[in-house]
Amino acid sequence: MRNVTETVKQLIIINILFFIGTLLVSGLAYKYLALFFPENQDFKAWQPITYMFMHGGFMHILFNMFALYSFGSALELFWGSKKFLFFYISCGLGSALVHTGVNYYHFQEGLNTLLSNGFSKVEILQLLNEGKIDTRWQELLTVTEFQNFTSAYLGTAVGASGAIYGIIVAFAFMFPDAELGLMFIPIPIKAKYFVPGLVLIDLYLGVSGKSIFGGGGIAHFAHVGGALFGFLIMWYWKKNQFNSNRWN
């Protein structure tokens, strides 16, 4: 980590410490630090911050920290530590906001159907908080609606991916002609094409509910949210010719 900048290095260390701590206390850490749906009884006010330092497994944290190391240091060198940290946290919060907003839409869609068929919200929330479901829900909702409804309420989000997506969007914004590549794509692609393509793939997978590799549990809209907030911040800074010196 000789070429890593100070704030990026500290973020990587914090994420690693969180990951090790999670391995030691497991379920307790996820219960208090992962991001829950706001109406879930396990939701806590600090979770929109702490969730971005949690990770679901070794490969999850490895890819995120490698991306932070690869793209973050270049941005911190240009911006300074305070501006970089503000951007990173803002993208993580934006990711949580979009992810929660999409979950709210899915939950409300299913809830409205159940309420119109005689169920009470108190009864529904009580069952969900107990980790239970009423089998009659499956008769009233489509398979997709039922999955979206239950996962929106019971699911959790962890990971720095939203903040990382904001970072790579900013990198593409500042260095559009930098050539990037993936292990399974042998041809380098310029950042101005690579990053939008990556975000569009996530958007498609989020809308369609599909997965390239056949696995689930990926919060695609959290990725899109981080990218969106990263773009909006960069656009605002460029439009207003933001003075980076005020952050130093």
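Preceding this paragraph is the structure being described.
Residues numbered from 1 in each chain as written. Predicted model: local features only at pLDDT ≥ 70, side-chain atom pairs only at ≥ 80, totals over all residues. Heavy atoms only, no water.

What should I look at first to understand the overall build of the protein in this one?
Helix and strand counts for the protein come out as 11 helices and two strands. In terms of overall dimensions, the protein is globule-like: its C-alpha atoms have a radius of gyration of 20 Å, near the 18 Å expected for 248 residues. Counting across all 248 residues of the protein, residues that qualify as buried make up 42%. Taking all contacts inside the protein whose residues are at least 6 apart in sequence as the whole, residues at least 24 apart take part in 69%. For the protein, the separation between the mean place of its 15 positive charges and that of its 13 negative charges on side chains is 13 Å. (Helix = DSSP H or I, 4+ residues; strand = E, 2+ residues; numbered from the N terminus. Rg over C-alpha atoms; globule rule 2.2 N^0.38 Å. Buried < 20%, exposed > 50% of the residue type's maximum accessible area, 1.4 Å probe, protein only. Contact = heavy atoms within 4.5 Å. Lys, Arg positive; Asp, Glu negative; His and termini not counted. Charge placed at Lys NZ, Arg CZ, Asp CG, Glu CD.)

How should I be thinking about the nonpolar core in this particular structure?
The biggest cluster of nonpolar side chains holds 41 residues, and the ones touching the most others in it are Leu68, Trp79, Phe84, Phe87, Tyr88 and Val195. Where this core is concerned, the elements lending two or more residues are helix H1 (6-25), helix H4 (58-79), helix H5 (81-115), helix H9 (161-174), helix H10 (191-208) and helix H11 (220-239). A per-element tally of this core places H9 first, with nine residues. (Core = buried A, V, L, I, M, F, W, Y, C linked by side-chain atoms within 4.5 Å.)

Would you mind going over the packing of aromatic side chains with me for this structure?
Each aromatic ring pair is summarised here by two numbers: the centre-to-centre distance and the angle between the ring planes. Under the definition given, this model contains 15 aromatic pairs. Geometrically, the ring pair formed by Phe71 and Phe171 is edge-to-face, given 5.0 Å between the ring centres and 70° between the ring planes. Of this pair, Phe71 sits in helix H4 while Phe171 is found in helix H9, placing the two residues 100 residues apart along the sequence. By relative accessible area, which is 10% here, Phe171 ends up buried. (Phe/Tyr/Trp six-rings, centres within 6.5 Å; stacked < 30°, edge-to-face > 60°.)

What is the right way to look at the pattern of salt bridges in this model?
Note on pairing: side chains with opposite charge can pair once their charged atoms come close. Summed over all chains, the structure comprises six salt bridges. Where Lys9 meets Glu6, a salt bridge forms, and the shortest distance between an N and an O atom there is 3.5 Å. Within this pair, Lys9 and its partner Glu6 are both found in helix H1, separated by three residues, close to a single helical turn. The exposure class of Lys9 is partly exposed, given its relative accessible area of 29%. The residue Arg136 makes a salt bridge to Asp134 at a minimum N-O spacing of 2.6 Å. (Salt bridge = Lys/Arg side-chain N within 4 Å of Asp/Glu carboxyl O.)

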